[in-house]
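Here are the chains, one letter per residue:
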Amino acid sequence: MGQDPITLIIRTLGELFIFILLMRFLLQLARADYYNPISQSIVRLTQPVLAPLQKLLPKAGRMDLSPLVVALLVKLGIFTALIMMAEGNVQADMASLVIYAVVGLLDSILNIYFWAVIGSVIISWVAPGSYHPAPQLIGQITEPLFKLAQKVIPPLGGLDLSPILIFLTIQIIQSQLARLVM
């Protein structure tokens with residue numbers, strides 16, 4: 001049971017761009033190092049698309065919500081394109097598409113955090129205190145999650161169980177999100 005190549009291309013490129021937009025938002029949320037080369041690349045890749053919207057949308061405190069809005073619009077565009085290709089016309093309820101898009105974005109954010117926590121755990125074993133930009137960025141993204149989880153489960157004699165709590169929380173939230181769209 002193969003997948004149409006056009007569908008695969010639309011979905012892959014759209015999800016990749018959504019990933020970059022969400023990374024920009026999460027880096028901003030975690031107040032990660034703006035001058036990190038990876039952060040700079042993400043900003044340069046997304047700025048041409050976000051610049052017009054940044055003039056229209058007010059900032060929520062220190063947060064720029066334009067990456068989320070553009071990611072939502074791209075997700076809606078992907079769903080609309082896929083429905084048009086499958087059915088030939090768009091007769092889907094717009095409210096349903098918006099709900100699917102919001103749930104899809106939340107699921108993508110949770111997946112990013114899931115893999116970032118795994119990366120952070122592996123980096124802490126293999127190369128703690130690395131000066132490479134990628135491990136530093138992963139650490140900056142996951143640090144707020146670890147601090148929050150360590151308030152619930154403090155480290156036990158050098159053993160940090162907070163990643164387990166984070167994984168369980170992510171899995172519970174994702175299972176509830178899946179129930180929303182079914």
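Residues numbered from 1 in each chain as written. Predicted model: local features only at pLDDT ≥ 70, side-chain atom pairs only at ≥ 80, totals over all residues. Heavy atoms only, no water.

Student: Looking at this structure, I do not really get the nonpolar core. What am I missing?
Tutor: Nonpolar side chains in soluble globular proteins generally cluster together in the buried interior. Grouped together as the largest cluster of nonpolar side chains are 33 residues, with contacts concentrated most on Leu22 and Leu27. Not counting residues within four places of it along the chain, the set of residues in contact with Leu27 comprises Ala32, Ser39, Ile42, Leu137 and Ile141. Core analysis: the next-biggest nonpolar cluster, separate from the first, contains five residues, Leu76, Phe79, Ile83 and Leu97 among them. (Core = buried A, V, L, I, M, F, W, Y, C linked by side-chain atoms within 4.5 Å. Buried < 20%, exposed > 50% of the residue type's maximum accessible area, 1.4 Å probe, protein only. Contact = heavy atoms within 4.5 Å.)

Student: When you look at helix α5 (residues 133-152) in this model, what are you seeing that I'm missing?
Tutor: Because each turn of an α-helix spans 3.6 residues, side chains separated by three or four positions in sequence point in the same direction. Taking 1.5 Å of rise per residue, 20 residues should cover 28 Å, and α5 covers 29 Å from first to last C-alpha, within 8% of that figure. The sharpest bend along α5 reaches about 40° and sits at Thr142, with the proline Pro144 one to four residues further on. Of all the residues in α5, the buried ones are Pro135, Leu137, Ile141, Thr142, Phe146 and Ala149. (Helix = DSSP H or I, 4+ residues; strand = E, 2+ residues; numbered from the N terminus. Expected span 1.5 Å × (residues − 1). Bend = angle between axes of the 7 residues up to and from the residue.)

Student: I'm lost on unusual backbone geometry in this one. Help?
Tutor: Excluding glycine, most residues fall at negative phi; most peptide bonds, likewise, are trans. You will see that Arg31, though not glycine, has its phi angle at about 55°, which is positive. With respect to the helices and strands, Arg31 occurs in the loop between α1 (5-29) and α2 (37-56).

Student: Can you help me understand the confidence of the model for the protein chain in this one?
Tutor: Do not read the fine detail of predicted coordinates wherever pLDDT is low. Summing up the model confidence of the protein chain, the mean pLDDT is 86 and the portion of residues at 70 or higher is 94%. Helix α3 (residues 66-87) is the least confidently modelled element of the protein chain, averaging 85 in pLDDT, while α5 averages 90, the highest of any element. (pLDDT = per-residue confidence, 0-100.)

Student: Help me understand the packing of aromatic side chains, please; the structure alone is not making it clear to me.
Tutor: Aromatic ring pairs are defined here through the distance separating the ring centres and the angle between the ring planes. Taken as a whole, this structure holds four aromatic pairs when the rule is applied. On the basis of an interplanar angle of 85° and a centroid distance of 5.3 Å, the ring pair of Tyr34 and Tyr35 is categorised as edge-to-face. For Tyr34, a relative accessible area of 45% puts it in the partly exposed group. Centre to centre, the rings of Phe114 and Trp115 are 5.3 Å apart; their planes meet at 90°, and the pair counts as edge-to-face. By relative accessible area, which is 19% here, Phe114 ends up buried. Aromatic ring contacts, followed pair by pair, group Phe114, Trp115 and Phe167 into a single cluster. (Phe/Tyr/Trp six-rings, centres within 6.5 Å; stacked < 30°, edge-to-face > 60°.)

Student: Even after reading the chapter, I still don't get the layout of surface pockets, so can you show me in this structure?
Tutor: The rolling of a water-molecule-sized probe over the atoms marks out the regions of remaining empty space. Considered as a void within the structure, the largest pocket measures approximately 440 Å³ in volume. Along its surface, the largest pocket is lined by 16 residues, and Leu27, Gln28, Ala32, Tyr34 and Arg62 are the ones closest to its centre. Going through the elements one at a time, α1 and α2 are the ones with two or more residues in the lining of the largest pocket. Broken down by class, the residue content of the lining of the largest pocket amounts to seven nonpolar, three polar and six charged. In this structure, the second largest pocket encloses a volume near 340 Å³. Residue lining of the second largest pocket: 19 residues in total, with Ser120, Val121, Ile123, Ser124 and Phe146 positioned closest to the centre. At the level of secondary structure, the elements contributing two or more residues to the lining of the second largest pocket comprise α4 (94-126), α5 and α6 (162-181). Grouping the constituent residues of the lining of the second largest pocket by class yields twelve nonpolar, six polar and one charged. (1 Å grid on protein atoms, 1.4 Å probe; cavity = no way out; pocket = protein on both sides within 12 Å on 5 of 7 lines; lining within 4 Å. Points joined across faces, edges and corners; volume = space filled by probe spheres on them. Nonpolar A, V, L, I, M, F, W, Y, C, P; charged D, E, K, R; others polar.)

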